[in-house]
Each structure stands twice: as structure tokens, then as C-alpha cells.
Amino acid sequence: MDPSEIYASLQKMSQTTRVLYIAAHPDDENTRLLTFLSRGKHFETAYLSLTRGDGGQNLIGDEQGADLGIVRTQELLAARRVDGTRQFFTRAIDFGYSKSAQESLSLWQHDSILSDVVWVIRQFQPDIIITRFPPDERAGHGHHTASAMLALEAFDLAADPGAFPEQLKWCEPWKVERVFWNASSWWDKTLPDQVDNKTVFGVDVGGYDPILGMSYGELAGKARSQHRSQGFGVSPYRGEQIEYLRLLKGELQPGSTDPFEADSHWVKMVNGTETRSLLVKMLEEYDMKDPLAALPDLLKMYALVPSEDRTPQWTDKQNRLSDIIAASVGLWLEPVVIAKETDRIQISAECLSAAGVSATVTGMDLYFPGDGNDLFPMLHPRGKAAQISSEKQQLPANIFVRDTFWIAVTPGANATPYWLQRPYSTTYQAADAKWRGQPEWDDLPAVRFRIQLGESELAFTRKLVEKKIDPARGEYYVPVQMLPAYHVHVEEQLCLFKPGLPSEVHVKLDGLDAETTGDLKLRIPSGWSVSPASIRIQGNEHTLYTFQVTASDNGSEGVITPVFHSHGNDYKQEITDIIYEHLPEQHIAHIASRPAMVLLMHVPEGSYAYIEGAGDLVLESLQAAGVNVEPLSVNDLAVTDLSVYDAIITGVRAYNVSDRLISAQPLLLQYVQQGGTLLVQYNTTNNFTLGRNADGASMGPYPFSLTRGRTTDENASPEFLLPDHPVWNTPDKITADDFEGWVQERGLYYADATADHYQAPLGFADPGEETLRGAILTTDYGQGTFIYTGLSFFRQLPAGVPGAYKLFFNMMTY
Ligand SMILES: [Zn+2]
């Protein structure tokens, strides 16, 4: 913290107003308004996103589903570090596009998610709630509407001790003053004319802050640009920005026209009045050239903090104050993990007083904040501190004092995010009710440094950190994670078998050392056989093991899971690395199962090319099925003899992410004309309006437009509109049975089926809606064929859905 940040933090301490923004997904939040409230009004602000965005599409990598939710969680946290806002979630899973709030709320179980919203309100204690969406159909996506409906319900219930009384063991009922909808002229063009400062308000959030050296909009642009997996990099906003607030519930302060004026909490807080006057004085006198001059007043204020008070108001102010004091005197306190074994870690607790203020370390404690996990069960009960050192040590100016010690840990204890540790379908389950709402596991131990400054003894709590050094990047922090002692990994992404024929499954075993002993087995679907039944592991000479698996003749399916049994423990998890430059490194332990599927159809025998799009596992899935398909770089298109390929397939959103592909399109169409098959998976309408770019190039040989048409019900019945069409008949016959067992959705971004020259063989209708006909569009061109498909093969193939393979193969071999 530099002196301007210290000053901004003091400004924030002087306010008691708290604002909670509520919407449904990562990226729904209005970062401009949040930044204005956090940095301009100095309020404590938070964003509650009902979901972690797990159902969306990933523009920067392969993660989907729960792993994508982890990426989005971290992107939100990165945005919040920029705009100075806190982040919360509910247990709701983003199951993909939802056409109504009723559908969303029934899948999520209305009461569970409502209780989570109430819980977050009681935890954070906001005076004002702001929703991004209206509580009706105008919100569009069912998740959006539901987020506003739940906010209004929770407004009433949070204050009612009869509602969700089980929460009151840990928190108090809380009365919110009012709820606004952050409306936009996008919904209602007449909004600016409706501003009456009674029910509709216009707020300019585009102000410039000379202490920040930028406008709130510029900072908001930086926060918004953290949503890289959604491609939301934006330029900073400068100049006037009017945001509109429409009062939905509650009342303004009597006689006020200020939407943000709220009851001051100072009078109700222990020592509140004295603290407030001290803050007013400090803000007047604060000298950026001499931050140390504020130290006597800061220490006076520290003495006023009621140490046992755990209300959010005092907790936040106490944390800010302790950071301000540390920054003012250049106090560097950090417990760093310096060595890691599977069951213990070594910590160096480091103290430095850099600015020359004489200080004394009077003690250090290891502190366990939570009470729910068993990360360190050998040591201490939860919520307790254990003394590391009680020795008084002088902290000479600018000289480090260090204490190193070991603590025991449970291997693998925090290798899986808390919300993924229990089975889930449409809502996540937390093993401990108190973790709900938290963005991530907040239960790592901390070191509490006791430091004497002059006459005052202060305590500073610092979470364990781990650091890495990269010659190109310099030093960076990584989350402290305890991984399991051993992990297993099936090399095949997907296990595909021909009926009755043995096929190899390769298992990699990590973590072995010379002393390791155990047995490695493969769990297989019933009726299948595996050889050998078990492999004896001794030492670490080999790490890759091969099993022969034979599927049953009747095509039954299931999963294959490797299990390493060693000294009474079963190890069946693999580690997925989620590594992006803009996010903390994550190593996530998942059960190492693979879908196992029997190929009861013709597998294409020709040679195929795959042009990668925005990231999907279709290429890997086809390879696993034994298809001879290779990646083809857009850069190589002009210098490759395309005629060797029986079909060229483009990955999802390939034309959205590559302008080069658009310019190379004449080559691909020439390839079709000369007899090739071009199979294009879905692209979005975003920068590809009408299926044409500005130059008039088209994805197909004849123009067609893309629509936002989609089928969100994964069980919607197919309509075979052209039953004699080749995609239904060659080489394999496709029937309604082949549309069983699909996951999450049927498809999205369908083509406009009325385009000239094209056939549309497939129709789908979501419940209560009209049939959409653009999920598959085909046309013959010259000697070859062009096919566009919005069907979600990028979800179905990695999930091992047999009917999806059959249909995809028919299209490839068209
Ligand atoms: Zn959204």
C-alpha cells in the first residue's frame, strides 16, 4: 500500500454503508457501478453471483463444467482485487441456458438457493442491495430473472428470525434498507426521462479520482478485462457514465433524495463515536509525504477496536486498520511455505520493520481460522491458536527476523475445492454449512504475529503463502495446496472399445518412491473383463502400466476407474492443472474415471483434419475412437495439400477466434468443390453476423445466417424432417435412440434453415416452444459437401455419448 492507498483505505474506514450487488453469472456484475461505490463512495461492496459460470463456453482453454467454474471463480476474484469488492456465490450450478426463472428455480430447488442468498446477506450485512436484472421476463435468461426474484424474497427473510433459523447459530438476522434494480436504457429507452429522485435515480459513475490518478471507469475497465475466458477484454471507460437505479423495495431515508444515504452504524458500534472522530481528524491531517506521522493516532485507534467483536463492520475495519499500520511503518510479515513433503510442510515466519521504526516481536502463534476441515488434524482443535514462539526478539530496522518450523498436514486435504467434494447435479454441496457463499476454501492456517510498537502490542494475522520464481516472470504467489501422496491417471481421455475385442488402457501412477508398495487395479463396468486383475507395485522403477480391457458383447457402458491401494488407503484421484497467467495456479484433484463406451457403429477409416477453434476436446475424442485425424493449423492451410483429407472439421467458434481462417475460407471452399467434406461446428453471432464477414466471405458456399436459436433441454425429442437424408442413413442408421443420454443441451447458435441451396434434416423443440430447424444444415457444392452444425458435439463426444459419435461419423463420411 502506498500513501494514496493508505489514504483511500482510511476514507473507506470512515464510512459504514455496505452495498451488495446480486446477479447470476461471472460477468453479469456492473463493474463501473461497483468501482464507483467502492472507490468513489468508499462503501464496503460485494458481488453475489448465484453461479460460478460452469455452464458457459471457454474462450481460452479446454476447461468445461466444474473446471470452468474454477477458472471463472478465480477470474471474478481477480476482478474484485482490482475494483476493491468482495465476492460471494450460492450453491447453484450454471447448468446452461435456461428459458425461464421457474425452470431454474425448480432445478436448483428454490429454498436451497434462497437460503444461501439470505445467508450471504446476514454474513455481509448490506444496507443496500442492487440487482442487475428485473424480477421478470425482461431479464431474458432464466438465471437472470431468478437472481432478482431471490434478492427480493431474501430482502424480507434476512430480517426475519423465523426464516432459516438454523443459520442463527453463526449470524444475526439483518435488515436491509432498500433494493434497487440497476436498470439500463438497454431495457427502456425512456429511462432518462423517468428520473424523479424518488423511485428512479441517475448516478454519474464516471468521475475522476485525483488520488487514484484515474477515473472509476478506467479502473472498472481493468476489472472487467479479467474475464478472459469469456473474451471480455474492454477498453477503459472515461468521461460521464450515467447508471440508473429503480427502487424495487424498501424506502429512502426520510426527506432524502440520495439513493445511497443509509443509517450510520457508528452510534451502534462499540467505541464507534470515538473511532469516528479520530478518523475525521486523521483524514484532515493525513500527510502523504510523511505517512509515519499518523502512527500515534493509528495506535490510539487500534486500542479502541473491541477485540472480541466479530461483527462484519468491526472485522472489516480492524483488518483495514492493521494493514494501514503495517504499510505505514513498512512492516513485512509473511509465513512462507519453504519445504513441502506429502504429510508435513516447513514454514518460515518472516518479520521485517523496513521504515526504521523500532519494534519487538513478542510472539508468534499458528492460528486455525475455520472449524470444519481436517487439514491439520494432528495438531489442534479448530479456531484455536498454538504457540510457535514466545521469545521476545528485537526487530532491528530493516533486518529480517525469521522463525522456521514444521507442521503436520493431511495429504490431499485441500486438493479439491470445497464445493466439489460431494456428488452434485444442479446444486453443489458443502461439507460444512458455514462454507456456503465463500468463493473458495478459506481455511488455511495463518500465523498471528504479535508485534510491539512503542507501548502498544498489536496482532497481525497472515495466511500461509507459497511463492515461485520464474526467470521470465519473476516471483509470484501460488495457493498453498496439499496434494494426495499418490495420483493415478488414465492416459486415454475416453475409453472406446469394439465389442468383444481387447483394448489397452494405460494408467500412470505419480508420487512413487523407492519404498512404495501397493496394488494397482482397474474398476470396470459389470460384464466386462480386465487383465491382469491387479498389478503389484514395488518401488518407482516404472510409472506407466497397461491393462487389457474387453467390453461385453451387448454394448453396456459405464466408467473405468484406476485404484492404487497402498498401506490401507485407496488412491483414485488425478490432478488437473489449471494454469493461466492472469489467475493463481490451481492443481485440482478429481476422481480419475474415464467414460467407457462400446463402438457399435462404423468408425471412419479415411484421413481427416481438425482446425482448432476456441478450445474443445473433439479432436482428442475422435482420436480415442481410432479415427485417423490430425490437427491442421490455419497458418498451414495455404501450403497443405488438402485433397488428402476425406473431411476437414473446424473446432467450436473457429471463425470467431481466427480472422486468418476467414481469409483462408476460399481455400476450404475450393477443397469442397473438388470433392471434400467441410464440417463446421457452431460459431456465435457475435462477430459473424449473417454468416458473412464484412468482405462478403461466408462459412458456406452459399450465404446463410447464424441465429441465437438453441435447444436447452438435453432430452428434447428429435424430429427427422428429411428421413431419407444421408446423415440419418449412411453408413449407420440413426434413430431416436441415438439421441438418448445426451448431456446439458442439444445445441446452440443454429443456422437459419430457410437459406437457399441448403437442407435442414433435423428439428428440435424445447418444451412449449416451436420447432427450430437449423441444428444441421447441409449442401452439396461441386463434388463435395458443406455441413454446419450447432449440435453440442463438443460436450457429447468427450462425455462418451454413443449416438453423438454415430451421427458425427455419418457427417464426417458424408
Ligand atoms: Zn448472465
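Conventions used here
- Residues numbered from 1 in each chain as written.
- Predicted model: local features only at pLDDT ≥ 70, side-chain atom pairs only at ≥ 80, totals over all residues.
- Heavy atoms only, no water.
- Domains from an automatic or database assignment.
- Contact = heavy atoms within 4.5 Å.
- Buried area = accessible area lost by both parts, 1.4 Å probe.
- Salt bridge = Lys/Arg side-chain N within 4 Å of Asp/Glu carboxyl O.
- Polar contact = N/O pair within 3.5 Å; in protein donor to acceptor, adjacent residues only side chain to side chain.
- Helix = DSSP H or I, 4+ residues; strand = E, 2+ residues; numbered from the N terminus.
- Nonpolar A, V, L, I, M, F, W, Y, C, P; charged D, E, K, R; others polar.
- Core = buried A, V, L, I, M, F, W, Y, C linked by side-chain atoms within 4.5 Å.
- Buried < 20%, exposed > 50% of the residue type's maximum accessible area, 1.4 Å probe, protein only.
- Donors = N, O, S within 2.8 Å, 3.2 Å for Na, K, Ca; no water.
- Tetrahedral: all angles 85-135°; square planar, octahedral: opposite > 155°, others 65-115°.
- Pairing = 2+ DSSP bridges.
- Axes fitted to C-alpha atoms, helices over the stretch in contact; angles between N-to-C directions.
- Phe/Tyr/Trp six-rings, centres within 6.5 Å; stacked < 30°, edge-to-face > 60°.
- Lys NZ or Arg CZ within 6 Å of the ring centre and 35° of its normal.

S.K.: Tell me about the domain arrangement of the protein, and please be specific about residues and values.
M.R.: Splitting the protein by domain gives domain 1 (1-16 + 264-328), domain 2 (18-250), domain 3 (329-478), domain 4 (487-597) and domain 5 (602-812). For domain 2 versus domain 3, the separation of C-alpha centres amounts to 31 Å. Taken together, the contact between domain 2 and domain 3 spans 22 residues of the former and 17 residues of the latter. Of the roughly 1800 Å² buried between domain 2 and domain 3, counting both surfaces, carbon and sulfur atoms make up 59%. Here Arg 436 makes a salt bridge to Asp 116, at a shortest N to O gap of 3.6 Å. For the pair domain 2 and domain 3, the number of links is ten residue pairs in polar contact (both at pLDDT 80 or more). At the level of secondary structure, the elements contributing two or more residues to the side of domain 2 that touches domain 3 comprise α3 (65-83), β3 (86-89), α4 (101-108) and α5 (110-124). Taken together, the residues of the side of domain 2 that touches domain 3 sort by class into 13 nonpolar, five polar and four charged.

S.K.: Give me the lowdown on the nonpolar core, citing residues and values where you can.
M.R.: Counting residues in each nonpolar core, the largest one holds 76 residues, and the members touching the most others are Leu 622, Phe 704, Tyr 788, Leu 807, Phe 808 and Phe 809. Sort the elements by how many residues they give to this core and helix α18 (residues 802-812) lands first, with seven residues. Two domains each provide a minimum of three residues to this core, namely domain 4 (487-597) and domain 5 (602-812). Not counting the four nearest positions on each side in its chain, Leu 807 is found in contact with Val 727, Trp 728, Ile 734, Phe 739, Ile 776, Leu 791 and Phe 793.

S.K.: Lay out the coordination of the zinc ion in plain terms, naming residues and giving numbers.
M.R.: Tetrahedral coordination by four donors places them ideally at 109.5 degrees to one another around the metal; octahedral coordination by six donors ideally gives 90 or 180 degrees. In this structure, His 25 (ND1), Asp 28 (OD), Asp 28 (OD) and His 144 (NE2) serve as the protein donors to the zinc ion, at separations of 2.1 to 2.7 Å. Classification of the site at the zinc ion rests on its four donor atoms, whose angles at the metal span 53 to 125°, yielding the label irregular. When the donor residues of the zinc ion are listed from N- to C-terminus, their spacing reads H-x2-D-x115-H. A residue pair is termed long-range when its members are at least 10 positions apart, and Asp 28 in the loop between β1 (18-23) and α2 (31-40) and His 144 in helix α6 (residues 142-157) qualify at 116 residues. Among the residues examined, Asp 28 registers a relative accessible area of 9% and is labelled buried. Judged by its relative accessible area of 12%, His 144 is buried.

S.K.: Please set out the sheet that holds β3 residue by residue, giving values where relevant.
M.R.: An order of β3-β2-β1-β4-β5-β9-β6 is seen for the seven strands of this open sheet, with the pairing classed as mixed. In the strand order of this sheet, the two ends are held by β3 and β6 (200-204), each with one partner. Strand-to-strand twist across the sheet, computed as the mean angle between neighbouring axes with direction ignored, equals 30°. Taken together, the six bridges between β1 and strand β2 (residues 44-49) define a ladder with parallel strand orientation. Looking at the pairing, Val 19 lines up with Thr 45 of β2. Contacting β1, β2, β4 (128-131), β6 and β9 (242-250), α2 crosses the sheet at an angle of about 150° to β2.

S.K.: Which residues make up the packing of aromatic side chains, and what values do they have?
M.R.: Tallied over the full model, the rule gives 33 aromatic pairs. Positioned above the aromatic ring of Phe 124 is the side chain of Arg 18, whose terminal nitrogen or guanidinium carbon lies 4.5 Å from the ring centre. Directly above the ring of Phe 400 sits Arg 402, whose terminal nitrogen or CZ lies 4.5 Å from the centroid.

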